[in-house]
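# An overview of the molecular structure
Spelled out, the chains give:
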Amino acid sequence: MNRSLSRRSVLTAGATAAAAMTRTTRAQNGANDKLTVALVGCGGQGRYDTRSILEVGGNGTVLAAICDVDQQRLDDTTGEMTQKFGQTPEQYKDYRKLLDRKDIDIVVVGTPDHWHAAVEILACQTGKDVYVEKPCSHTIHEGKQMVKAARKHKRIVQVGQQQRSDDHFKEAMAYLHNGSPLGKITRTFTMNYGNETPNGIGMGKDERPSQVSEQDYDMWLGAAPKRPFNSNRFHYLWRWFYDYAGGMICDWNVHIQDIVQWGMQASAPKSVVASGGKVALNDNRETPDMMDVVYEYDGFTQVYTMSKVYEKGRYPDGYGTEFFGTDGSMFSNRSGWEVTPQMKHKSVDDPDKPGEKKSIQVPRTEAIKKPGKDSVPPHAQNFLDCVRSRKAEDLHCDILVGHQIATACHLGNIALRLGKKIWWDAEREIITHQDGTPDAAANAWLTKEYRKGYELPEV
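Note that the structure is predicted; figures quoted are calculated from it, not measured. Residue positions are given per chain, counting from 1 as you read along its sequence in written order. This being a predicted model, a pLDDT of at least 70 is required before a residue's local features are given, and a value of 80 or more before pairs of side-chain atoms are given or counted; all residues contribute to the totals for chains, interfaces and linings. Heavy atoms throughout the structure, all of them, feed into the side-chain values; hydrogens and water do not.

## A look at the overall build of the protein
Counting from the N terminus, the helices are the DSSP runs of H or I reaching at least four residues and the strands are the DSSP runs of E reaching at least two. If you tally the helices and strands in the protein, you get 13 helices and 19 strands. In terms of overall size, the protein behaves like a compact globule, its C-alpha atoms giving a radius of gyration of 24 Å where 459 residues would be expected to give roughly 23 Å. Reported as C-alpha extents along the three principal axes, the dimensions of the protein are approximately 90 × 50 × 45 Å. Residues are treated as being in contact if the distance between any of their heavy atoms lies within 4.5 Å. Partitioning the contacts of the protein with sequence separation of at least 6, the portion at a separation of at least 24 is 72%. Atoms counted for the radius of gyration: C-alpha only. Globule rule: 2.2 Å times the number of residues to the power 0.38.

In structure tokens, the structure reads:
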């Protein structure tokens, strides 16, 4: 466990180039050649992503290896994949040994957020293409290094922002981009509403881990600080602790903020201010149970609101994205998209009073209501198509786009934890004061301290 992750950074240029050439050659040989897949992180989302890749890949894909620190998850995943696809993958508890294999073409990263960067970077360095779950990174610096690794080693890296591959989202975005039928859009809105009162996730217990060994738990922690095992800081619930993730804004707003940036063709906010925190739930989570974030972009304002203590309000679903224009508004989520026109007054002949006019209200644009559904398989298909074509520019969510989306969400957390408004210089990827000078205190939050032996690989 003391073996440093950064050892991969000293791979010789020749070995790295040879590995990359091998992967590229295999991927370009044609659609009938098999692509060998490996999964790192055997939780529910990692398994779903892997199933989707195998399903759409058919006979052109094979699952060779899986990795997790939890033996039960390894066994459950092996059983599922054997039953569904007739493929029995080799099991690993140390992903570095899996990445040593030269026959792996694709690595699916389904780990907790704090492991995404290390696995993606090492996979790129050993010539493998990557499908990494959202948010792509645990910090803004990690995302920057992930982009750099993908570009340096010419890897295809797709981020699991699968809404970008859903037909109804693509249709809604085309509606926005073709002549702006909503008029001038000056405000967007994203929301996550849910009610977990009064006890939320509870307190959990500090105890010896029962699902994994002490050694495996140390590996699960990785770069995160060494802490006693607590059931609430482990499977799934790790999302609510800053050591491993970023709470709802990184878990869910990363999807709906994506729709804002996609729809508005924007890559980064200019400033961010946030309020909220842990105010109501009786549990041991660190991330907020209420949060409001105001983003200033060029030409429009974006507002994100999140609650774990009330739900829905006037909305039929507790999540979604809304665009407000001078001629109408558009709301979208995985159930579909809907345009609500703004009304305007129009003077018409009054049939009851010949020769006179009357004022009526008419819609400024057409009302629209379209159904939709969430679906990972089209995102997996797009990834496989790009792996074979070697055209990263055709990815629906290339690592750079995923990094830009995650950055906006990380900035919301940074503004909240600092308790002040921050300004973002997207070109330099730094936080500044309003006058453009670097904000040293704020920029310390762009990265994190890594536990010895688990440092981020150099790129």
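## Digging into the layout of surface pockets
As a volume, the largest pocket reaches approximately 710 Å³. Grid points spaced at 1 Å and placed over the protein atoms alone form the basis of the search, with a cavity being a set where a 1.4 Å probe fits but cannot get out and a pocket an open set showing protein on both sides within 12 Å along at least five of seven lines. Lining residues have an atom within 4 Å of a point. Along the walls of the largest pocket sit 42 residues, with G110, T111, P112, W238 and R239 positioned nearest its centre. Among the secondary structure elements, those contributing two or more residues to the lining of the largest pocket are α2 (44-57), α5 (113-125), α8 (214-221) and α9 (248-251). Each residue gets one label: Ala, Val, Leu, Ile, Met, Phe, Trp, Tyr, Cys and Pro are nonpolar, Asp, Glu, Lys and Arg are charged, and the others, such as Gly, are polar. Residue classes in the lining of the largest pocket are distributed as 18 nonpolar, 13 polar and eleven charged. Grid points are joined across faces, edges and corners, and a volume is the space filled by probe spheres set on the points. As a volume, the second largest pocket reaches approximately 380 Å³. It is helix α12 (residues 399-418) that provides the largest number of residues to the lining of the second largest pocket, a total of four residues. Class assignment of the residues belonging to the lining of the second largest pocket gives a composition of ten nonpolar, six polar and four charged.

## Quick look at unusual backbone geometry
For the peptide bond that leads from K134 to P135, omega is -20°, which places it in the cis range. For the bond from T197 to P198, the omega torsion is 0°, close enough to zero to count as cis. Its identity as a non-glycine residue notwithstanding, S180 has a phi of 45°, on the positive side. Position of S180 among the secondary structure elements: in the loop between α7 (167-177) and β7 (185-195).

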